[in-house]
Amino acid sequence: MFKSFIGKRSKSVKNTVERGAVKKFAEAIGDLHPIYVDEEYGKQSRYGQNIAPTTFPRVFDYGKIENFNLPNVGLIHGEQTFEYKRPLLVGETIYCYTEIKHYYEKRGGHGFMGFLVLSDIGEDQAGNVIFTTKSVVIITEEVRKVLTV
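Residues numbered from 1 in each chain as written. Predicted model: local features only at pLDDT ≥ 70, side-chain atom pairs only at ≥ 80, totals over all residues. Heavy atoms only, no water.

### Regarding the overall build of the protein chain
Here is step 1: Per the secondary structure count, the protein chain includes four helices and five strands.
Here is step 2: Counting from the amino terminus, the protein chain carries its helices and strands in the arrangement β-α-α-α-β-β-β-β-α.
Here is step 3: Dimensions of the protein chain, computed from C-alpha atoms along their principal axes, come out at roughly 55 × 35 × 20 Å.
Here is step 4: Burial analysis of the protein chain (149 residues in total) assigns 40% to the buried set.
Here is step 5: When the accessible area of the protein chain is evaluated, it comes to approximately 8900 Å², of which 49% is carbon and sulfur surface.
Here is step 6: Both charge centroids of the protein chain, one from 20 positive and one from 18 negative side chains, sit 5 Å from each other. (Helix = DSSP H or I, 4+ residues; strand = E, 2+ residues; numbered from the N terminus. Buried < 20%, exposed > 50% of the residue type's maximum accessible area, 1.4 Å probe, protein only. Areas by Shrake-Rupley, 256 points an atom, 1.4 Å probe, with all protein chains shown as cover. Lys, Arg positive; Asp, Glu negative; His and termini not counted. Charge placed at Lys NZ, Arg CZ, Asp CG, Glu CD.)

### Re the side chain of glutamate 123
Here is step 1: With respect to the element layout, glutamate 123 can be found in strand E4 (residues 111-123).
Here is step 2: For glutamate 123, which is buried and forms no salt bridge, the nearest opposite charge comes from arginine 9, at a distance of 5.9 Å.
Here is step 3: Within the structure, the side chain of glutamate 123 is placed 3.4 Å from the side chain of tyrosine 97, a separation counted as a polar contact.
Here is step 4: Contact partners of glutamate 123, with chain neighbours within four places excluded, come to Thr93, Ile94, Tyr95, Tyr97, Asn128, Val129 and Ile130. (Salt bridge = Lys/Arg side-chain N within 4 Å of Asp/Glu carboxyl O. Polar contact = N/O pair within 3.5 Å; in protein donor to acceptor, adjacent residues only side chain to side chain. Contact = heavy atoms within 4.5 Å.)

### A few points about the environment of leucine 116
Here is step 1: Of note, leucine 116 is situated in strand E4.
Here is step 2: A sequence separation of 13 residues divides leucine 116 from tyrosine 103, and the C-alpha atoms of the two residues are 4.7 Å apart.

### What about the layout of surface pockets?
Here is step 1: By volume, the largest pocket is sized at about 720 Å³.
Here is step 2: Looking at the lining of the largest pocket, the element that brings in the most residues is strand E2 (residues 75-84), giving four residues.
Here is step 3: Split by residue class, the lining of the largest pocket holds 10 nonpolar, seven polar and four charged. (1 Å grid on protein atoms, 1.4 Å probe; cavity = no way out; pocket = protein on both sides within 12 Å on 5 of 7 lines; lining within 4 Å. Points joined across faces, edges and corners; volume = space filled by probe spheres on them. Nonpolar A, V, L, I, M, F, W, Y, C, P; charged D, E, K, R; others polar.)

### Side note on the packing of aromatic side chains
Here is step 1: Under the counting rule described, the total for this entry stands at nine aromatic pairs.
Here is step 2: Seen in terms of ring centroids, phenylalanine 2 and phenylalanine 5 are 6.4 Å apart; in terms of plane orientation they differ by 50°. Their pairing is tilted. Phenylalanine 5 carries the same exposure label as phenylalanine 2, and that label is buried.
Here is step 3: Taking the centre distance of 5.9 Å and the plane angle of 40° together, the rings of tyrosine 84 and phenylalanine 131 count as tilted. Here tyrosine 84, found in strand E2, pairs with phenylalanine 131, found in strand E5 (residues 129-139); they are 47 residues apart in sequence, far enough to count as distant.
Here is step 4: Lysine 106 extends its terminal NZ or CZ atom over the ring of phenylalanine 115, reaching a point 5.6 Å from the ring centre.
Here is step 5: Here the basic side chain of arginine 107 rests over the ring of phenylalanine 112, its NZ or CZ set 5.1 Å away from the ring centre. (Phe/Tyr/Trp six-rings, centres within 6.5 Å; stacked < 30°, edge-to-face > 60°. Lys NZ or Arg CZ within 6 Å of the ring centre and 35° of its normal.)

### Some words on the environment of lysine 43
Here is step 1: Along the chain, lysine 43 turns up in helix H3 (residues 39-44).
Here is step 2: Residues lysine 43 and isoleucine 94, 51 residues apart in the sequence, show an inter-C-alpha distance of 21 Å.

Written as structure tokens, this is what we have:
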């Protein structure tokens, strides 16, 4: 169903690791470690400033892949991993894009399920990769019936 999209990616989108957003995110996940929210603590840390929580890249804009649309409901979040080259620094600019890595199907108890593997990438201004995420979205038979690719 989505095999023709494998390898396609969005255009890079400029994002900022904004201090207020990091604080709200840390509050939302229940982790107010001072490395995220206390400026003095951040200055004394090995990074010399505050950093963002590991899962913070979920709030970034990754752009859109042309002609690729998934519904907002009915999908199952299968798995997600984050890999970092270094932490996200509060105040820095990140360029983010998403890429479709793989698509496969398996038969389940309620029909075929599609497994869409996506990767989100964040780079610094010089084009160096800071983080990569891998997400697996499970598309149920019910959702597959209404999708047109």
